[in-house]
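Fold and contact review
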Amino acid sequence: MSAASSQKVILKSTTKVSLNERFTNMLKNKQPPVVSIRATMQQQHLASARNRRLAQQMENRPSVQAALNHKQVNWKVSPSVFLFLWRDLQCCLNCLQ
């Protein structure tokens with residue numbers, strides 16, 4: 001068995017095309033994926049419904065209502081609570097974009 005494992009295996013090349021050429025041709029001939037227009041429209045509709053729901057939730061928040069109504073809110077908030085509220089607001093605003 002050790003004699004068989006020490007022998008070299010030689011495979012003849014069965015093609016004249018290099019791997020680089022083969023993969024380049026595959027990429028050139030690649031068909032674009034089929035996209036259903038109906039599925040895309042359904043995804044957009046679902047996303048816009050979620051955005052409307054999120055906008056409604058934001059609108060119902062007291063801090064947002066105060067900002068929209070230009071009311072001066074005199075809250076005494078610890079720095080850690082303020083930071084939490086600020087991050088939450090930024091997260092919600094990023095979701096709307």
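Each value, and the rule that gives it
- Residues numbered from 1 in each chain as written.
- Predicted model: local features only at pLDDT ≥ 70, side-chain atom pairs only at ≥ 80, totals over all residues.
- Heavy atoms only, no water.
- Helix = DSSP H or I, 4+ residues; strand = E, 2+ residues; numbered from the N terminus.
- Buried < 20%, exposed > 50% of the residue type's maximum accessible area, 1.4 Å probe, protein only.
- Axes fitted to C-alpha atoms, helices over the stretch in contact; angles between N-to-C directions.
- Parallel < 35°, antiparallel > 145°, perpendicular 65-115°, else oblique.
- Left-handed = near helix turned anticlockwise from the far one by under 90°.
- Contact = heavy atoms within 4.5 Å.
- Nonpolar A, V, L, I, M, F, W, Y, C, P; charged D, E, K, R; others polar.
- Salt bridge = Lys/Arg side-chain N within 4 Å of Asp/Glu carboxyl O.

- Under an unreviewed UniProt entry, the name given to the chain is Chromatin target of PRMT1a, and the source organism is Oryzias sinensis.

1. Overview of the environment of leucine 93
- With respect to the element layout, leucine 93 can be found in helix H5 (residues 79–96).
- For leucine 93, a relative accessible area of 42% gives the class partly exposed.
- Considered as a pair, leucine 93 and leucine 54 are 39 residues apart in the sequence and their alpha carbons are 9.6 Å apart.

2. Quick word on the packing of helix H3 (residues 37–59) against H5
- Relative to each other, H3 and H5 sit at 150°, their axes nearing to 10 Å. It follows from the interaxial angle that H3 and H5 lie roughly antiparallel. Note on packing geometry: the crossing formed by H3 with H5 is left-handed. Side by side, H3 and H5 meet where Asn51, Leu54, Ala55 and Met58 of the first sit next to Leu89, Cys92, Cys95 and Leu96 of the second.
- When its residues are assigned to classes, the contact of H3 with H5 shows 7 nonpolar, 1 polar and no charged.

3. Side note on the pattern of salt bridges
- Counted under the stated rule, the structure contains 1 salt bridge.
- One salt bridge in this structure joins aspartate 88 and arginine 61, with 2.7 Å as the shortest N-O distance. A residue pair is termed long-range when its members are at least 10 positions apart, and aspartate 88 in helix H5 and arginine 61 in the loop between H3 and helix H4 (62–68) qualify at 27 residues.
- Overall, aspartate 88 belongs to the partly exposed group, its relative accessible area being 26%.

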